[in-house]
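Spelled out from the first residue to the last, the chains are:
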Amino acid sequence: MKVIIIFGPPGSGKGTQAKLLAKQLNLIHFSTGEELRKEANKKTKLGKQINSLISQGNLVPDELSTQITQNFIFSNKKKNILLDGFPRTLKQAENLLTFFKKIGCDKILVINLKVSKKELINRILERAKIEHRKDDNKKTIKQRLKVYHNQTKPIIKFLRRNKIKIFNFNGKGNIEEIQKEITKKIKFD
Ligand code: AMP
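Not measured: the values here are computed from a predicted model.

Side note on the packing of aromatic side chains
- Counted under the stated rule, the structure contains two aromatic pairs.
- Between F7 and Y148 the ring centres are 6.4 Å apart and the planes differ by 55°, which places this aromatic pair in the tilted class. Placement of the pair is F7 in strand β1 (residues 2-7) and Y148 in helix α7 (residues 138-152), with a sequence separation of 141 residues. The two residues F7 and Y148 agree in class, both being buried.
- Both rings, one in F30 and one in F72, keep their centres 4.2 Å apart while their planes meet at 20°; by these two values the pair is stacked. Within this pair, whereas F30 is found in strand β2 (residues 28-31), its partner F72 is found in helix α4 (residues 62-75), the two being separated by 42 residues in sequence. Across the pair, F72 and F30 agree in class, each one buried.
- Here the basic side chain of K77 rests over the ring of F74, its NZ or CZ set 4.2 Å away from the ring centre.

Considerations on the site of the ligand
- Taken together, 17 residues lie near the ligand, and R37, N58, G85, R88 and Q92 sit nearest.
- One of the side-chain N or O atoms of R37 is found 3.0 Å from an oxygen atom in the ligand.
- Contact distances for the ligand include 2.9 Å between a nitrogen atom and a side-chain N or O atom of Q92.
- Here the element with the most residues in the shell around the ligand is helix α2 (residues 32-40); it accounts for four residues.
- Partitioned by chemical class, the residues of the shell around the ligand number five nonpolar, six polar and six charged.

Re the packing of α4 against helix α5 (residues 90-103)
- Between α4 and α5, the least distance of the axes is 11 Å, while the angle of their chain directions is 25°. With respect to their mutual orientation, α4 and α5 come out roughly parallel. Between α4 and α5 the crossing geometry is right-handed. On the side of α4, the interface is formed by D62, S65, T66, Q70, I73 and F74, while α5 contributes K91, Q92, N95, L96, F99, F100 and I103.

A word on the packing of helix α1 (residues 14-25) against helix α9 (residues 175-185)
- Orientation of α1 relative to α9, taken along the N-to-C sense of each, is 50°, at an axis distance of 10 Å. The angle between the axes of α1 and α9 places the two elements in the oblique class. Handedness of the α1/α9 crossing: right-handed. Judged by residue contacts, T16, Q17, L20, L21 and Q24 of α1 engage I175, I178, Q179, I182 and T183 from α9.

Overview of the sheet that holds strand β3 (residues 81-84)
- Spatially, five strands are ordered β2-β3-β1-β4-β5 in an open sheet, and the strand pairing comes out parallel. Two strands bound the open sheet, and with one partner strand each, they are β2 and β5 (165-170). For this sheet, the mean inter-axis angle between neighbouring strands, taken without regard to orientation, is 20°.
- Examined bridge by bridge, β2 and β3 share four bridges and lie parallel to one another. Opposite H29, over in β3, you have L82 as the bridge partner.
- In the packing of helix α8 (residues 154-161) onto the sheet, contacts are made with β1, β4 (107-114) and β5, and the angle to β5 comes to roughly 140°.
- Set on the sheet, α9 makes contact with β4 and β5; between it and β5 the angle comes to about 155°.

About the thresholds
Residues numbered from 1 in each chain as written. Predicted model: local features only at pLDDT ≥ 70, side-chain atom pairs only at ≥ 80, totals over all residues. Heavy atoms only, no water. Phe/Tyr/Trp six-rings, centres within 6.5 Å; stacked < 30°, edge-to-face > 60°. Helix = DSSP H or I, 4+ residues; strand = E, 2+ residues; numbered from the N terminus. Buried < 20%, exposed > 50% of the residue type's maximum accessible area, 1.4 Å probe, protein only. Lys NZ or Arg CZ within 6 Å of the ring centre and 35° of its normal. Near = heavy atom within 4 Å. Polar contact = N/O pair within 3.5 Å; in protein donor to acceptor, adjacent residues only side chain to side chain. Nonpolar A, V, L, I, M, F, W, Y, C, P; charged D, E, K, R; others polar. Axes fitted to C-alpha atoms, helices over the stretch in contact; angles between N-to-C directions. Parallel < 35°, antiparallel > 145°, perpendicular 65-115°, else oblique. Left-handed = near helix turned anticlockwise from the far one by under 90°. Contact = heavy atoms within 4.5 Å. Pairing = 2+ DSSP bridges.

Here's what the structure looks like:
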């Protein structure tokens, strides 16, 4: 099994790039955020808790996102996977590497999309007009960027220390151009 992890702040275009890349490289795309939003739409106690955390721009507990993501990986372990939105904390990253060793994942690549803060805020506000996500508003964006900076960004150093190859890309600009840059560098065989 081989895995690509797509990494970047909220609004960096990782969801869009993930969908295109999955098609092109024949990978199964798994967005932890999308799965959580499905759960949040249910009127269950858990759904309401998730909804409240997402709406405030906070992360759901590590145990929950880890369980959802690892279940998916496990049931697709004969295929190649593109992870979008996982890991998002150091704890999740540590658990993921242990899990990969256990199930015999032989290649992990990381795509890191970089976009300036100003551009991110503009993009999310633009997306809000189209997708109507509950967490795409000015107040929540600030919190999501803070969470990214404090909890998610440190994962890059952790992965590097663990000898995982990180490919940095400028996430600003035209979707197709960025896609081309990525596929030029990412060889997945
Ligand atoms: P996304 O669609 O990737 O922007 O994720 C939307 C929201 O889902 C995030 O702001 C978090 O509240 C939650 N979420 C997504 N992935 C994770 C994760 N790996 N751990 C915890 N919460 C997550």
